[in-house]
Amino acid sequence: MVFYYIGALILPIGIWLLLLWLVRKYKLLNTSYEKEKEAIWKLLNREQKIKFVAIFVILFLFMQLFWRMFFEFLIAYMQIRDALLLT
């Protein structure tokens, strides 16, 4: 249970904070990040920006779903293993 919550809650937040820290700490990353962000947002219209953000939200939700299914599989695998060992 602990590993599930680490992966589902703490890991995405931790990665986001790590990326923010890296961008702020290193000038080269910060410069390239700002330039690319401005270039992308200038190229996209409002509808495309909404779709762009929606894709990342959907990908995040699918990542959470995959994480849940992975742990459900592990639970089922361990139960099958225990049942086979007891017989």
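Because the structure is predicted, anything quoted here is derived from the model rather than measured.

Considering the environment of Phe-73
Relative to the assigned elements, Phe-73 resides in helix 3 (residues 46-86). For the pair Phe-73 and Tyr-26, spaced 47 residues apart in the sequence, the C-alpha separation amounts to 40 Å.

Description of the packing of helix 1 (residues 2-25) against helix 3
At a closest axis distance of 10 Å, the pairing of helix 1 and helix 3 adopts a crossing angle of 165°. The orientation of helix 1 with respect to helix 3, classified from their angle, is roughly antiparallel. The interaxial crossing formed by helix 1 with helix 3 has right-handed handedness. Taken together, the residues of helix 3 that come into contact with helix 1 (itself represented by Phe-3, Tyr-4, Gly-7, Ala-8 and Pro-12) are Phe-60, Met-63, Gln-64, Trp-67, Arg-68 and Phe-71. Tallied by class, residues from the contact of helix 1 with helix 3 come to 8 nonpolar, 2 polar and 1 charged.

Side note on the layout of surface pockets
Where empty space is left becomes clear once a probe the size of a water molecule has been rolled over the atoms. Quantified by volume, the largest pocket comes out at close to 910 Å³. As for the largest pocket, its lining consists of 23 residues, of which Trp-16, Leu-19, Leu-20, Tyr-33 and Phe-56 are closest to the centre. Those elements that place two or more of their residues in the lining of the largest pocket are helix 1, helix 2 (27-43) and helix 3. Across the lining of the largest pocket, the residue classes tally to 18 nonpolar, 2 polar and 3 charged. The volume enclosed by the second largest pocket comes to roughly 150 Å³. Met-1, Phe-3, Tyr-4, Tyr-5, Arg-68, Phe-71, Glu-72 and Ile-75 together form the lining of the second largest pocket. Elements represented by at least two residues in the lining of the second largest pocket include exactly helix 1 and helix 3.

Observations concerning a nonpolar patch on the surface
Taken together, the side chains of Ile-40, Trp-41, Phe-52, Val-53, Ile-55, Phe-56, Val-57, Leu-59, Phe-60, Leu-61 and Met-63 define a hydrophobic patch exposed on the protein surface, amounting to about 990 Å² of accessible area. Elements represented by at least two residues in the nonpolar patch include exactly helix 2 and helix 3. Broken down by element, the residue count for the nonpolar patch peaks at 9 residues, all from helix 3. By the secondary structure assignment, Trp-41 is in helix 2. Residue Trp-41 is classed as partly exposed on the basis of its relative accessible area of 31%.

Criteria and thresholds
Residues numbered from 1 in each chain as written. Predicted model: local features only at pLDDT ≥ 70, side-chain atom pairs only at ≥ 80, totals over all residues. Heavy atoms only, no water. Helix = DSSP H or I, 4+ residues; strand = E, 2+ residues; numbered from the N terminus. Axes fitted to C-alpha atoms, helices over the stretch in contact; angles between N-to-C directions. Parallel < 35°, antiparallel > 145°, perpendicular 65-115°, else oblique. Left-handed = near helix turned anticlockwise from the far one by under 90°. Contact = heavy atoms within 4.5 Å. Nonpolar A, V, L, I, M, F, W, Y, C, P; charged D, E, K, R; others polar. 1 Å grid on protein atoms, 1.4 Å probe; cavity = no way out; pocket = protein on both sides within 12 Å on 5 of 7 lines; lining within 4 Å. Points joined across faces, edges and corners; volume = space filled by probe spheres on them. Patch = residues over 30% accessible without salt bridge, like charges linked within 9 Å, V, L, I, M, F, W, Y side chains within 5 Å. Areas by Shrake-Rupley, 256 points an atom, 1.4 Å probe, with all protein chains shown as cover. Salt bridge = Lys/Arg side-chain N within 4 Å of Asp/Glu carboxyl O. Buried < 20%, exposed > 50% of the residue type's maximum accessible area, 1.4 Å probe, protein only.

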